[in-house]
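Chain and residue survey
These are the residues of each chain, in order.
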Amino acid sequence: MAQGTTPIESPETEPGRDFTTVSGREVKPVYSEADIAPDDLGANLPLPGEYPYTRGIHPSMYRGKLWTMRQFAGMGTAEQTNERFRFLLSRGQTGLSTAFDNPTLYGWDSDHPLSEGEVGKTGVAMDSLQDMERLFDSIPLDQVSTSMTINAPAAWIFTMFLANAERRGIPFEKLRGTLQNDILKEYIAQKEWIFPPAPHMRIITDLFSFCAEHVPQWNTISISGYHIREAGATAAQELAFTLQDGFTYVEHALAAGMSIDDFAPRLSFFFNSHLDFFEEIAKLRAARRIWARHMKERYGAKNPRSWLCRFHVQTAGCSLTAQQPEVNIVRTALEALAGVLGGCQSLHTNSMDEALALPSDKAVEIALRTQQVIAFESGAANVADPLGGSYFIERLTRDLEDEAEAYFAQIEAMGGMIQAIEKGFPQQELTRAAYEYQRALSDKRKIIVGVNEFVNENEELLIPILEIDESVERDQIAAVKKLRETRDNIAVSRELDALERAARTHANLVPHMLDCSRAYATEGEITQTLIKVFGEFREQSFF
Amino acid sequence: MSGSPIKVVVGKPGLDGHDRGAKVVARTLVEAGMEVVYLGLRQTPESIVAAALEEDADVIGLSVLSGAHMTHFKRVRALMEEKGLGDRLLTGGGIIPTKDQETLAALGVGKLFGPGDDPDAIVDYIREWIREHPREDAV
C-alpha cells in the first residue's frame, strides 16, 4: 500500500465493542488525506460516466433514469406467479424477475420422482412452453424487461421464453431482460448444476453467440456474487470470485472465436448488499473500476459499453432474522440505500418475512415501497455518487480492489477458476468465512438485534405467512402428463434426436433447443437428452 | 455407548443447495467432540437412513430450506422405524414454520432449529437428548 495512515490514536473505546465490518475488516476511528494515495481524489477519480467508472456508469446516474425496481417473484403454478407479477406491476414495479422452483432449476420435470415435495415451493414450476405461455399471459413482453433466475438449464428455459414470444408475434429484437445463466457460481455456492463444467461453458458461449445475432437487447448472463455472499463469503471474496468468474466467461467466448465487443456489452452482474453500509458501497464502486480496467487493458475491448460493469443488487437474505421479522424492514432499507449509493442499475429489496417463508403480498408491497421511498423521498437519487471523494469510501474502495487482485493472482496460479473450483478453493474459503462469522455471533463479538442481544422472549408472530397448497404439485404433475398425451410426439422425438446429434458435434445448440421448445418438449426431456452426451457432475462433499 | 463420541449423520435431502447452515453445524458438532458423517447435497431419505444404519449413528440431522421439509422429515422418520433406528434422534433445521415443527414433533421428530439459533444450542440439545434416551442396544 502506498498510502499512509491517519495518525490518530483511539483514546476512548467502550469496552467490549467490536469495530470490524460484517466481513471482519478492521476499520479505524477516522480517515483523512493520509489514508489515500494523492491521485485517489484526482486523476484516479474521474467523474461518473467516465472510465474506469468508479463513480457510476452514467454522467447523471439516477436523474437520467432511476434504477429498475425488480422484485424476484415466483411460487406455485404459472397462473399464481402471473397473478403476483400483475400485482407488482400494478403497485409501480418497473421490471419482472422470475423465481423458478427447485426441480426446474435442476432441469427436472415436476413428475420426476426426486421432485416430490418440491414442486412450486420456492418458485414457479416450469415444465414446457405451455407453462411459459401461462406465466407471461397478458404481460407486454416488448415493454417490460424480464429477468429469469435460472442457471444450469438456462438456455432451454430461455428458448421456451423465445418460443412464447414468437407465438405472440413479438420479434426477438424487441425482447429486453436478463438470463442469470451463471454456472460457475453454482459450483461455488448455490449448487444447482447438471453437467460437468466444460459442456455448461459451451452452452453459455453458444447462447452469447445466438443472442448477439438474434436477441441483441438481452443480457445473456448475470455473473453473480449474490449467492457466493449468501453462502458465507466476505465482501472481498464476493467481489473477487464474481469478477474472476466474469473473466472466465470472457476467455471461453474468446477461445470459441467470438470477438470481445460482440458479446461483452451484454454481460451483466449481480451483487449482494449486506449490512455493512460503507463496505458494500465501496465493493460496488471497486467492481466497476476493476471490470473496466480488465476489459480495456487486458482483453482489449474497444467499445466503451464493453467496459461497463452494469449490475443488479439484492439486499442480503442471510441478514434477515426469523425473530421480530418487522425489524427486517429496517435492515433491508439500509442495504437498499447502500445499493443505490453504490450505483446499481436494478434493485430487489427482500421482504421482512423471508427468514420464515416466501413473501406474502403485504410483505412484498412494503419491500417495494422501501425502494420507492429511497427513490422519491430521500433525495438519494438526485446526485451521482454522493459519497465519492470521502476519505473512508475511497480508501475502502482501493483496499477491496487490492484484495480482489490478490485473489485473482492466487486463482490464476491454480490454472484459473475452473481448476480452482475443482480443487474446492473458493468453496473452502467461504465455508471457513461462514464458520468464523457464526463463531463471532455465538461469542457475541457481533450483535444481531433480537437474535443474540435485545431478545424479545415473549414474541408473538404478528405477520401473515404464505403457504403453498399441496394441490399445486398434483395439478402440475397432471398437466405435464396430459401434455405428453396431447402434443405431437413424433415432432418431439425428431427435435430431441436432432439436439442429441448436434450435441455430439460443435454446432451451436441454442437453435435446436428452440426447436425442441416449439414442439413442447419438456424441460426434463431436453435435460435427459443432453445428459446422454455430457454426463452429470458429482461434488466432493466437505465441511 | 459411554466413552465413544456421539455419532451424527448430517445430510441435505432433496434438491436444496443451501448448505451454509449444514456445514457450520457439522463443524460445530465436530469442535464439540462429536463424530460427524457429512453426506452433502442431493440425498434421498433412503440414502440418509442407509448411511445412518451403516454408520450406526446416534443422531440424524437434516437441513431443509426448500419448503419440502414435511415430505423429507416424515419419510426419514418412517424409514428409521422400519430399519430399527426408531430409538435414535432425528433433528435438523431450515426454514420450517412452527406449525409444521409441531406436526413433525407429533410424529417423533426432535427439535428443529432455524435462522438465528446458536449452533451451540444444537450441541447442548443433542447431548441432553442422548443422556435422556439411552440406546436400547447400549450395554
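Structure report, in brief. (Residues numbered from 1 in each chain as written. Chains lettered and ligands numbered in written order. Predicted model: local features only at pLDDT ≥ 70, side-chain atom pairs only at ≥ 80, totals over all residues. Heavy atoms only, no water.)

**Some details on the overall build of chain A**
Where we set the bar: Think of it this way: any DSSP run of H or I at least four residues long counts as a helix, any run of E at least two long counts as a strand, and we number them from the N terminus. Put simply, the radius of gyration uses C-alpha atoms, and a globule should come to 2.2 Å times the residue count raised to 0.38. Accessibility here uses a 1.4 Å probe with only protein chains present; expressed as a share of the type maximum, an area under 20% marks a residue as buried, one over 50% as exposed, and anything in between as partly exposed. By definition in these notes, contact holds between two residues if any of their heavy atoms fall within 4.5 Å. Note that accessible areas follow from Shrake-Rupley with a 1.4 Å probe, and for residues the cover is restricted to the protein chains shown. In this tally Asp and Glu are treated as negative and Lys and Arg as positive; neither His nor the chain ends contributes. A charged residue contributes its charge at one atom only: NZ of Lys, CZ of Arg, CG of Asp or CD of Glu.
On a plain count of helices and strands, chain A comes out with 20 helices and 10 strands. The C-alpha atoms of chain A give a radius of gyration of 23 Å, which matches the 24 Å a tight globule of 543 residues would have. Principal-axis analysis of the C-alpha atoms places the extent of chain A at approximately 80 × 60 × 45 Å. Within the span of chain A, comprising 543 residues, buried residues form 61% of the whole. Within chain A, counting contacts between residues at least 6 apart in sequence, those at least 24 apart form 79% of the total. For chain A, the exposed area adds up to about 20,700 Å²; of that, 52% sits on carbon and sulfur atoms. Across chain A, the mean location of the 53 positive side-chain charges is 4 Å away from that of the 77 negative side-chain charges.

**A closer look at the overall build of chain B**
When helices and strands are counted, chain B shows five helices and five strands. Listed N to C, the secondary structure of chain B is β-α-β-α-β-α-β-α-β-α in terms of helices and strands. Since a compact globule built from 139 residues should have a radius of gyration of about 14 Å, the 14 Å found for chain B is in line with a globular shape. For chain B, the spread of C-alpha atoms along the principal axes amounts to about 40 × 30 × 25 Å. For chain B, the residues scored as buried account for 54% of the 139 residues in total. A separation of at least 24 residues holds for 71% of the contacts in chain B among residues at least 6 apart in sequence. Each charge class in chain B was averaged separately, 16 positive and 22 negative side chains, and the resulting centres sit 5 Å apart.

**Some words on the sheet that holds strand 5 (residues 112-113) of chain B**
Residue and element names in this part refer to chain B. To be explicit about the condition: In this description, strands pair whenever DSSP reports at least two bridges between them.
If you trace the five strands from one edge of the open sheet to the other, you get 2-1-3-4-5, paired in parallel fashion. Either end of the sheet is taken by a strand with one partner, and the two such strands are strand 2 (35-43) and strand 5. Where strand 1 (residues 7-13) meets strand 3 (residues 59-64), four bridges bridge the pair, whose relative direction is parallel. Residue Val8 lies in a different strand from strand 3, and its bridge partner there is Val59.

**Topic: the side chain of Arg25 of chain A**
All names here are of chain A. For clarity, the threshold we go by: Throughout this description, a polar contact denotes any pair of N or O atoms lying within 3.5 Å of each other; where both atoms belong to protein, one of them has to be capable of donating a hydrogen while the other can accept it, and for residues adjacent in sequence the pair is counted only when both atoms sit in side chains.
Considering the arrangement of structural elements, one finds Arg25 in the segment before strand 1 (68-69). Overall, Arg25 belongs to the buried group, its relative accessible area being 13%. At a separation of 2.8 Å, a polar atom in the side chain of Arg25 contacts the side chain of Glu403.

**Details of the pattern of salt bridges**
All names here are of chain A. The line we're drawing: Salt bridges, as used here, are contacts in which a Lys or Arg side-chain nitrogen is within 4 Å of a carboxyl oxygen on Asp or Glu.
Throughout the structure, instances matching the rule amount to 59 salt bridges over all chains. One salt bridge connects Glu186 with Lys185, and the closest N-O pair in it is separated by 3.0 Å. Side by side, Glu186 and Lys185 carry an identical accessibility label, which is buried. Across the pair Arg293 and Glu405 runs a salt bridge, and its minimum N-O distance is 2.5 Å. One end of the pair, Arg293, is in helix 10 (residues 277-298); the other, Glu405, is in helix 14 (residues 391-413), and 112 residues separate them in sequence. What emerges from the salt-bridge pattern is a single network uniting Asp40, Arg289, Arg293, Arg398, Glu401 and Glu405.

**Looking at the nonpolar core**
Taken as a class, soluble globular proteins show a tendency for nonpolar side chains to be buried jointly. Stated formally: Only buried residues count toward a nonpolar core. Its members are Ala, Val, Leu, Ile, Met, Phe, Trp, Tyr and Cys residues joined through side-chain atoms within 4.5 Å.
Ranked by internal contacts, the top residues of the largest apolar core, which has 144 residues, are Trp67, Met132, Met148, Phe158, Leu175 and Leu530 of chain A. With residues near it in sequence (within four places) discarded, Trp67 of chain A still touches Tyr62, Thr94, Val340, Cys344, Gln345, Ser346, Leu347, Gln371, Ile374, Ala375 and Ala381 of chain A. Val37, Leu62, Val76 and Ile96 of chain B belong to the second largest nonpolar core, which has 22 residues in total.

**A short note on helix 13 (residues 361-376) of chain A**
Residues that lie three or four places apart on an α-helix share one face, since the helix turns once every 3.6 residues. Residue and element names in this part refer to chain A. Put simply, the test is: Multiplying one less than the number of residues by 1.5 Å gives the expected span of a helix.
With 16 residues, helix 13 extends 22 Å from end C-alpha to end C-alpha; this agrees with the ideal 22 Å at 1.5 Å per step. Looking only at helix 13, the buried set comprises Ala363, Val364, Ala367, Leu368, Thr370, Gln371, Gln372, Ile374 and Ala375. Of the surrounding secondary structure, the elements contacted by the buried residues of helix 13 are strand 1, helix 1 (78-90), helix 12 (328-341) and strand 10 (346-348).

**Observations concerning the pairing of strand 9 (residues 311-315) of chain A**
Residues and elements named next belong to chain A. The element strand 9 is extensively covered by neighbouring structure, given that five of its five residues are classed as buried. With burial as the criterion, each face of strand 9 is covered, one bearing Phe311, Val313 and Thr315 and the other bearing His312 and Gln314. Judged from the five bridges that link them, strand 8 (residues 267-273) and strand 9 form a sheet pairing that is parallel. Residue pairing across strands places Asn272 opposite Gln314, the latter belonging to strand 9.

**Overview of the packing of helix 1 (residues 20-31) of chain B against helix 5 (residues 119-132) of chain B**
Residue and element names in this part refer to chain B. In plain terms, the rule: All axes are obtained by fitting lines to C-alpha atoms, using only the stretch in contact for helices, and the reported angles, taken between N-to-C directions, cover 0 to 180 degrees. Geometric relationships in this document are graded by angle, where less than 35 degrees denotes roughly parallel, more than 145 denotes roughly antiparallel, 65 to 115 denotes roughly perpendicular, and other angles denote oblique. Take the far helix as your reference; a near helix turned counterclockwise from it by less than a right angle gives a left-handed crossing, and one turned clockwise gives a right-handed crossing. Gly falls in the polar group here, along with every residue not listed as nonpolar (Ala, Val, Leu, Ile, Met, Phe, Trp, Tyr, Cys, Pro) or charged (Asp, Glu, Lys, Arg).
Interaxial distance between helix 1 and helix 5 falls to 9 Å at its minimum, and their mutual angle equals 55°. Judged on the interaxial angle alone, helix 5 and helix 1 are oblique. Between helix 1 and helix 5 the crossing geometry is right-handed. Of the residues in helix 5, those touching helix 1 at Val24, Val25, Thr28 and Leu29 are Pro119, Asp120, Ile122, Val123 and Ile126. Taken together, the residues that form the contact of helix 1 with helix 5 break down as seven nonpolar, one polar and one charged.

**Focus on the interface of chain B and chain A**
When the parts come together, some accessible area is lost, and that loss is often what is quoted as the size of the interface. What counts, and what does not: The buried area of a pairing is the accessible area, by a 1.4 Å probe, that goes missing from both parts when the two are put together, added over both.
At the junction of the two partners, chain B supplies 36 residues and chain A supplies 39 residues. Note on chain B versus chain A: buried area summed over both sides is about 3,000 Å², and carbon and sulfur give 54% of it. Summed over the three residues of chain B that lose the most area to chain A, namely Leu15, Arg20 and Arg42 of chain B, the buried surface amounts to 27% of that side. When the shortest N-O distance is used, the salt bridge between Arg439 of chain A and Asp120 of chain B registers 3.1 Å.

From the geometry alone we can't say anything about function, so treat these as descriptive.
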